[in-house]
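Report on the structure
Chain by chain, the residues run as shown.
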Amino acid sequence: MKKHLAPSILAADFTRLGEQLKIIENAGVKYLHLDVMDGVFVPSISFGMPVIKSIRSHSKMIFDVHMMVTEPERYIGDLKKAGADIIAVHIEACRSPKKALLQIDGLGAKPALAISPGTAIEELREYLPYLGQVIVMSVNPGFGGQPFIESSYDRIAELADMRKELGLEFDIEVDGGVYAENAEHILDCGADILVAGSAVFGGDIRSNIDGLLEITGRE
Ligand code: DX5
Ligand code: ZN
């Protein structure tokens with residue numbers, strides 16, 4: 001399966017967002033990871049519909065929206081309207097993860113579930129037939145720039161085994177603390193998409209992207 005890079009704009013310079021997104025898109029990146037935080041499910045607040053909507057008209061990348069929001073069902077429709085292609089809700093944040101996934105699917109976006117490091121991978125099993133992507137969090141959600149939690153390697157492999165066992169085809173995306181140094185190991189465990197915030201936006205974006213695309217393969 002083709003591997004991809006999904007830069008997270010959480011680490012971008014918001015005064016130069018348009019310019020930085022052009023660099024990424026021109027380098028051949030296909031996915032853009034958008035972290036929506038509500039200050040309740042996670043301590044921090046990031047951005048929401050207006051920002052996503054305004055960049056939608058300037059980019060053809062696949063908008064991969066990661067909702068770190070309590071009762072995310074309330075915002076699924078608005079996020080789709082703002083331009084989301086993939087919508088991920090946290091398994092820990094939904095009243096009914098299955099209902100939320102069906103709601104996303106019904107609107108024509110790719111349904112995804114995100115799982116925090118403290119939640120057992122096994123909890124995902126019953127929802128896997130209804131989704132197209134899982135985000136395995138490799139840091140506690142809420143902030144960029146945290147170190148990768150080492151036990152995530154086994155969790156990614158566990159999910160990849162479950163996918164095989166069930167004969168399913170969803171993508172496994174890994175989010176948090178991803179750098180050129182650990183990217184290869186993460187992909188070897190079974191990941192398909194690597195989210196990278198600090199590793200892309202810290203320093204020279206073009207050369208960071210080039211280094212990461214060497215590992216995932218060119219788009
Ligand atoms: C954290 C977010 C991540 C974050 C990753 O809660 O979900 O997407 O932006 O940032 P880095 O790559 O800096 O760990
Ligand atoms: Zn994220």
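To keep things clear, this report deals only with the structure shown in the data block. Remember, it's a predicted structure, so these values are computed and weren't measured experimentally.

Each value, and the rule that gives it
- Residues numbered from 1 in each chain as written.
- Chains lettered and ligands numbered in written order.
- Predicted model: local features only at pLDDT ≥ 70, side-chain atom pairs only at ≥ 80, totals over all residues.
- Heavy atoms only, no water.
- Helix = DSSP H or I, 4+ residues; strand = E, 2+ residues; numbered from the N terminus.
- Buried < 20%, exposed > 50% of the residue type's maximum accessible area, 1.4 Å probe, protein only.
- Contact = heavy atoms within 4.5 Å.
- Areas by Shrake-Rupley, 256 points an atom, 1.4 Å probe, with all protein chains shown as cover.
- Lys, Arg positive; Asp, Glu negative; His and termini not counted.
- Charge placed at Lys NZ, Arg CZ, Asp CG, Glu CD.
- Salt bridge = Lys/Arg side-chain N within 4 Å of Asp/Glu carboxyl O.
- Donors = N, O, S within 2.8 Å, 3.2 Å for Na, K, Ca; no water.
- Tetrahedral: all angles 85-135°; square planar, octahedral: opposite > 155°, others 65-115°.
- Near = heavy atom within 4 Å.
- Polar contact = N/O pair within 3.5 Å; in protein donor to acceptor, adjacent residues only side chain to side chain.
- Phe/Tyr/Trp six-rings, centres within 6.5 Å; stacked < 30°, edge-to-face > 60°.
- Lys NZ or Arg CZ within 6 Å of the ring centre and 35° of its normal.

Some points on the overall build of the protein chain
Check the secondary structure of the protein chain and you find 8 helices and 8 strands. Dimensions of the protein chain along its principal axes, counting C-alpha atoms only, are 40 × 35 × 30 Å. Residues classed as buried in the protein chain amount to 53% of the 219 residues present. Of the contacts made within the protein chain by residues no fewer than 6 positions apart, 64% connect residues no fewer than 24 positions apart. Total accessible area computed for the protein chain in this model is approximately 9400 Å², and 51% of it derives from carbon and sulfur atoms. Separation of charge centres in the protein chain, based on 21 positive and 32 negative side chains, amounts to 8 Å.

Focus: the pattern of salt bridges
Inspection of the entire model under this criterion finds 12 salt bridges. Residue E25 is joined to K22 by a salt bridge in which the shortest nitrogen-to-oxygen separation is 4.0 Å. Of this pair, E25 and K22 both sit in helix 1 (residues 17–26), 3 residues apart, roughly one helical turn. Note on K22: relative accessible area 39%, which makes it partly exposed. One salt bridge in this structure joins R95 and E71, with 3.2 Å as the shortest N-O distance. Note that R95 is positioned in the loop between strand 4 (86–90) and helix 4 (97–106) and E71 in the loop between strand 3 (62–68) and helix 3 (76–82), a separation of 24 residues in sequence. A residue is classified by how much of its surface remains accessible, and E71, at 28% relative accessible area, is partly exposed. Overlapping salt bridges, with partners in common, bring together R206, D210, E214 and R218 in one network.

Things to note about the coordination of the zinc ion (ligand 2)
For the zinc ion (ligand 2), the full set of protein donor atoms is H33 (NE2), D35 (OD), H66 (ND1) and D175 (OD), at a range of 2.0 to 2.3 Å. Geometry at the zinc ion (ligand 2) is octahedral, judged from its 6 donor atoms and the angles of 70 to 170 degrees they form at the metal. Residue D35 is classed as buried on the basis of its relative accessible area of 4%. Residue classification places H66 among the buried positions, given a relative accessible area of 0%.

Examining the site of ligand 1
Near ligand 1, the surroundings consist of 19 residues, among which D35, G142, D175, G197 and S198 are the closest. In the environment of ligand 1, an oxygen atom lies 3.4 Å from a nitrogen or oxygen atom belonging to the side chain of H33. Contact with the protein chains covers 99% of the free accessible surface of ligand 1, which is 380 Å². Sorting the residues of the shell around ligand 1 by element identifies strand 2 (31–37), strand 3 and strand 8 (193–196) as the ones contributing at least two each.

Some words on the packing of aromatic side chains
Aromatic rings considered in pairs are described by the distance between their centres and by the relative angle of their planes. Counted by the stated rule, this structure contains 2 aromatic pairs. Ring centres of F14 and F47 lie 6.1 Å apart, and the angle between their planes is 50 degrees; this geometry places the pair in the tilted category. Of this pair, F14 sits in the loop between strand 1 (4–7) and helix 1 while F47 sits in the loop between strand 2 and helix 2 (49–56); the two residues are 33 residues apart in sequence, bridging distant segments of the chain. Classification of F14 by relative accessible area gives partly exposed; the value is 41%. Taken together, a centroid distance of 4.8 Å and an interplanar angle of 40 degrees make the contact between F148 and Y153 tilted. Its guanidinium or amino end placed over the ring of F63, R56 lies 3.6 Å from that ring's centre, counting from NZ or CZ. Above the plane of the ring of F170 lies R163, whose end atom (NZ or CZ) is 5.7 Å from the centre.

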